[in-house]
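# Examination of the molecular architecture
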Amino acid sequence: MFQKYKSAELVKPGGLDLKDRLVGVQRVTKVTKGGRAFGFSAIVVVGDEHGVVGQGLGKSKDVATAIAKAVEDAKKNLVRIPLKGKTLPHEQKGKFGGARVNIMPAAEGTGVIAGGAVRTVLEAVGVHDVLSKSQGSSNPHNVVKATFDALLQLRDANTIARDRGISLEQVFKA
C-alpha cells in the first residue's frame, strides 16, 4: 500500500503501545436468491501517539469480529510519520478517490482542528496542534486514505537535506 512513498518507513508492531480508534462501521447487504445477507465492515486506525500509525479494514457477519479483523489489518500497515514537536513539519495535501484533505501545522495550543475521520487519524499519530480541511467526498474510507496520503508525503528538514546532499543550514537558506 505504501510503495509509492519514498519516505514511508514501515514499523513492526512489537513493543509499541498501540491504541485503536474506530473510524466507522457500515452495515452492508448482499442480495441473494434466498433473500438479503447482512454483514459489517469496520475501518480502524491504530497509533502510538508518537508518530506511528496504521489503518485497516475488517469485514465480517458481526460487528465485533469485523472490528477485530480491522485492528489486525491496521497493525500490518504501520508507518512512521515525521513530526515537529506536537505539530507537522509543513503543510501538505492528500488525495484518494473523491476525497481531498489539506493538513497544516498550527501554533502551540491550537489543538486538533479537524473533523471526523481526519481527526481520528491525526490523534492516533500524536499531533496536538494542526489545522485541516477535508473537501470532496466525506466517505470515511476515502478520507482516512487521503489523510494517510498527506501524512506519508511529509518530510522533515533532515530528510530533505540528506536527499539533496546539502547541509541542514542550506535547506533553510535556499
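Residues numbered from 1 in each chain as written. Predicted model: local features only at pLDDT ≥ 70, side-chain atom pairs only at ≥ 80, totals over all residues. Heavy atoms only, no water.

The name recorded for the chain in an unreviewed UniProt entry is Small ribosomal subunit protein uS5, from Aestuariibaculum suncheonense. We quote the UniProt Sequence similarities (unreviewed entry) comment for the chain here in full: "Belongs to the universal ribosomal protein uS5 family." As its UniProt record puts it under Subunit (unreviewed entry), the chain is described as follows: "Part of the 30S ribosomal subunit. Contacts proteins S4 and S8." (UniProt positions renumbered as here; feature names shortened; annotations may be inferred.)

Under the 1.5 Å per step criterion, the end-to-end length of helix α1 (residues 63-76) is 20 Å for 14 residues, consistent within 8% with the ideal 20 Å. Those residues of α1 that fall on the buried side of the exposure criterion are Ala66, Ala70, Val71 and Ala74. One side of α1 holds all its buried residues, which, seen down the axis, span an arc of 140°. Relative to its buried face, α1 has exposed residues pointing more than 90 degrees away, namely Ala64 and Lys76. Against β2 (19-32), β3 (35-47) and β4 (52-60) lie the buried residues of α1. (Helix = DSSP H or I, 4+ residues; strand = E, 2+ residues; numbered from the N terminus. Expected span 1.5 Å × (residues − 1). Buried < 20%, exposed > 50% of the residue type's maximum accessible area, 1.4 Å probe, protein only. Arc of directions from axis to C-beta. Contact = heavy atoms within 4.5 Å.)

Next up on the list: the sheet that holds strand β8 (residues 112-113). Read across the open sheet, the four strands follow the order β6-β7-β9-β8; overall the sheet is mixed. Lying at the two open borders of the sheet, with one neighbouring strand each, are β6 (92-96) and β8. Each of β6, β7 (99-105) and β9 (130-136) is contacted by helix α3 (residues 140-152), which is oriented at about 140° to β6, the strand it contacts most. (Pairing = 2+ DSSP bridges. Axes fitted to C-alpha atoms, helices over the stretch in contact; angles between N-to-C directions.)

Turning our eyes to something else, we now look at the side chain of Thr87. Assignment of secondary structure puts Thr87 in the loop between β5 (79-80) and β6. Accessibility expressed as a relative area gives 13% for Thr87, which makes it buried. Within the structure, Thr87 has its side chain in polar contact with the backbone oxygen of Asp129 (distance 2.6 Å). When residues no more than four places from it in sequence are discounted, the contact partners of Thr87 are Pro105, Ala106, Val127 and Asp129. (Polar contact = N/O pair within 3.5 Å; in protein donor to acceptor, adjacent residues only side chain to side chain.)

What follows is about the environment of Gln26. Mapped onto the fold, Gln26 is located in strand β2. On the accessibility criterion, Gln26 (23% relative accessible area) is partly exposed. Between the C-alpha atoms of Gln26 and Ile43, which are 17 residues apart in sequence, the distance is 8.8 Å. When residues no more than four places from it in sequence are discounted, the contact partners of Gln26 are Gly39, Phe40, Ser41, Pro140 and His141. At 3.1 Å, the side chain of Gln26 forms a polar contact with the side chain of His141.

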